Amino acid sequence: GESVGLHLPTLSVQEGDNSIINCAYSNSASDYFIWYKQESGKGPQFIIDIRSNMDKRQGQRVTVLLNKTVKHLSLQIAATQPGDSAVYFCAEGIGTASKLTFGTGTRLQVTL
Amino acid sequence: SAVISQKPSRDICQRGTSLTIQCQVDSQVTMMFWYRQQPGQSLTLIATANQGSEATYESGFVIDKFPISRPNLTFSTLTVSNMSPEDSSIYLCSAWDRASYGYTFGSGTRLTVV
């Protein structure tokens, strides 16, 4: 497959454990934040999003936390599975349908 | 949500030549975006393409090098012109899908310039 995330920071977790991936965003004016998952050879896949009027949002096995004071975003994955192994990116935007700025990314490696 | 078909999926090109990448969306979208993802790195926005207007380029990217077309609400192309090995990268298109109120991405074009 294609090589994505070769030089990115790596988080290794055991199958069944919870994962926490962090992201520092850059623009205090950003009001829309998205987490993407990217597997080798594929485009980014939407996981969950959050708007700046919230500080927490939950999905299926995933939770996003937003701390606007320190411009920090985190993605929590519960009961991590081998299929969760991928590169994860946060992205920030202003308003709706605007351009996105992507964070540096984290490679999640799930060990058995 | 909208589905984007991007082609080619990969190509190996000679330096000095040009490659045009196509993205076809299965529904009408107003905003489309082109990104570059260099090996092991994150996505960097090249330009925003709206139908009926010139593309808006980000700092460090120019129209002569990366001309973009947006002839209708379902299609866009990005050309990588006069290629050099430094242009070797993955190029991705994206669209804002009003129906799903989110962004969708093509699967990317892996370009190698030799």
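Note that this is a predicted model, so its numbers are computed, not measured. (Residues numbered from 1 in each chain as written. Chains lettered and ligands numbered in written order. Predicted model: local features only at pLDDT ≥ 70, side-chain atom pairs only at ≥ 80, totals over all residues. Heavy atoms only, no water.)

Asks: Could you give an account of the environment of Arg70 of chain B, with specific residues and numbers?
Replies: All names here are of chain B. As for its placement among the helices and strands, Arg70 is situated in strand β7 (residues 68-72). Counting along the chain gives 17 residues from Arg70 to Ser53, while the straight-line C-alpha distance between them is 8.1 Å. Ignoring sequence-local partners within four residues, the contact set of Arg70 consists of Val29, Thr30, Met31, Met32, Ala49, Asn50, Gln51, Gly52, Phe75 and Ser76. A polar contact is formed between the side chain of Arg70 and the backbone oxygen of Asn72, at a distance of 3.1 Å. (Helix = DSSP H or I, 4+ residues; strand = E, 2+ residues; numbered from the N terminus. Contact = heavy atoms within 4.5 Å. Polar contact = N/O pair within 3.5 Å; in protein donor to acceptor, adjacent residues only side chain to side chain.)

Asks: An account of the packing of aromatic side chains is requested, with residue identities and associated values reported.
Replies: Evaluated as defined, the whole model comprises 13 aromatic pairs over all chains. On the numbers, 5.6 Å between centres and 65° between planes, the contact of Phe61 of chain B with Phe66 of chain B is edge-to-face. Relative accessible area serves as the criterion here: at 4%, Phe66 of chain B is assigned to the buried category. Members of the aromatic cluster, joined through ring pairs, are Tyr32 of chain A together with Phe33, Trp96, Tyr101 and Tyr103 of chain B. Against the face of Tyr32 of chain A rests Arg51 of chain A, its NZ or CZ located 3.9 Å from the ring centre. (Phe/Tyr/Trp six-rings, centres within 6.5 Å; stacked < 30°, edge-to-face > 60°. Buried < 20%, exposed > 50% of the residue type's maximum accessible area, 1.4 Å probe, protein only. Lys NZ or Arg CZ within 6 Å of the ring centre and 35° of its normal.)

Asks: Describe the sheet that holds strand β2 (residues 19-24) of chain A, with residues and values.
Replies: Residues and elements named next belong to chain A. Read across the open sheet, the four strands follow the order β2-β7-β6-β5; overall the sheet is antiparallel. The two strands at the open ends of the sheet, each matched to only one other strand, are β2 and β5 (56-58). With direction set aside, neighbouring strand axes in the sheet form an average angle of 15°. With six bridges connecting them, strand β6 (residues 62-67) and strand β7 (residues 72-77) associate as antiparallel partners. Paired with Val62 across the bridge in β7 is Ile77. (Pairing = 2+ DSSP bridges. Axes fitted to C-alpha atoms, helices over the stretch in contact; angles between N-to-C directions.)

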